[in-house]
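# Fold and contact review
Letter by letter, the chains look like this.
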Amino acid sequence: MKVFEVCELIENIAPLSLAESWDNVGLLLGSYNADVKGVVIAVDLTDNVIDDSIAKNCNMIITHHPAVFEPLHSLKENDYVSSLLMKCIKNNINVYSAHTNMDMSEMGINFEMANKLGIVPQRFLSDGLGVVGYYNGNLDEILLKICKITNEDTPKVYYPKNAEKAIKNIVAFISGSGGRIEEVISRSVELGVTAVISSEFKHNIILELLAKNIAVIQIGHFESEVIFVDIIYNLLKNIINNLNKYVNFN
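Residues numbered from 1 in each chain as written. Predicted model: local features only at pLDDT ≥ 70, side-chain atom pairs only at ≥ 80, totals over all residues. Heavy atoms only, no water.

### Considerations on the nonpolar core
Core analysis: the biggest nonpolar cluster contains 47 residues, and Met 60, Ile 62, Met 102, Ile 142 and Ile 197 have the highest contact counts within it. Sorting elements by how many residues they give to this core places helix α10 (residues 227-236) first, with six residues. Contact partners of Ile 197, with chain neighbours within four places excluded, come to Leu 117, Ile 142, Ile 146, Val 171, Ala 172, Phe 173, Ile 174, Ile 217 and Ile 219. In this structure, Leu 129, Val 196, Ile 206 and Leu 209 belong to the second largest nonpolar core, which totals 16 residues. (Core = buried A, V, L, I, M, F, W, Y, C linked by side-chain atoms within 4.5 Å. Buried < 20%, exposed > 50% of the residue type's maximum accessible area, 1.4 Å probe, protein only. Helix = DSSP H or I, 4+ residues; strand = E, 2+ residues; numbered from the N terminus. Contact = heavy atoms within 4.5 Å.)

### Considering the side chain of Glu 225
On the secondary structure map, Glu 225 appears in helix α9 (residues 221-225). Classification of Glu 225 as buried rests on a relative accessible area of 2%. A polar side-chain atom of Glu 225 sits 3.2 Å from a polar atom in the side chain of His 64. Leaving out residues up to four positions away in the same chain, Glu 225 has contacts with Val 43, His 64, His 65, Asp 103, Ile 109, Ser 175 and Gly 176. (Polar contact = N/O pair within 3.5 Å; in protein donor to acceptor, adjacent residues only side chain to side chain.)

### Comments concerning the sheet that holds strand β11 (residues 243-245)
Strand order in the open sheet formed by five strands is β1-β4-β3-β2-β11, and the pairing between neighbours is mixed. Among the strands making up the open sheet, the edge pair consists of β1 (26-29) and β11. Pairs of neighbouring strands in the sheet enclose a mean axial angle of 25°, with direction left out of account. Relative to strand β4 (residues 94-97), strand β3 (residues 60-63) runs parallel, the two being bridged by four bridges. (Pairing = 2+ DSSP bridges. Axes fitted to C-alpha atoms, helices over the stretch in contact; angles between N-to-C directions.)

### Looking at the sheet that holds strand β5 (residues 120-123)
Pairing is mixed in the open sheet, where six strands are placed in the order β5-β6-β8-β9-β10-β7. The strands lining the two open edges of the sheet, one partner per strand, are β5 and β7 (156-158). Here the average twist between neighbouring strands, direction ignored, is 25°. Note: strand β9 (residues 195-198) against strand β10 (residues 215-218), four bridges, orientation parallel. Across the sheet, the residue bridging to Ile 197 is Ile 217, located in β10. Helix-sheet contacts for helix α8 (residues 203-211) involve β7 and β10, and the interaxial angle to β10 is about 145°.

Printed below as a string of structure tokens:
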């Protein structure tokens, strides 16, 4: 199998056109025509991920977060991103990233995470941002599922002061940093959301959500997106023999 064929499989479920304009997705380093010897799937490109690829004779790394966001004017060993890319070049490793296009796909991170948590997805929260759905149960049950799926030990939970714990909830899940946070608040109110799950909430945003009677569950950025590894693994497992998951933080 060629690199371009792997790219096409991923882009069938997460077209590059779905990505935010500021994002940098697709094949970031390598050759479309290279033969794929093996693949490592990870959330981020790190030294440990590259070392794992080398040890397992893999010449393609697929990540969620792009290693390169801004244009690079030079490659220098003392620059972190440059050193990663130089290491990949030295070992003939191709690097591909599916970031916000995977967030905004109905077969991507937000919808898949909702399904895993038992949330019945109804729609995107706003223009490809997050997902909203019904959850037939209380938030304590969702917390247990979050811990099991993501290995998150201690999610932070904030309940509105006088709110009773609902038996049925309308839940929004937004992977990563939460994206366009002003839209998260306005759309959550508009859609009657009772709880929002995401990461990297600013203090004032938590307070505003609580003031609007919306509970907040805050988990780690990595933990909110680690399901990316399973999505890509399940997509490629019947096609690539040397296929590996890397699910450590670094």
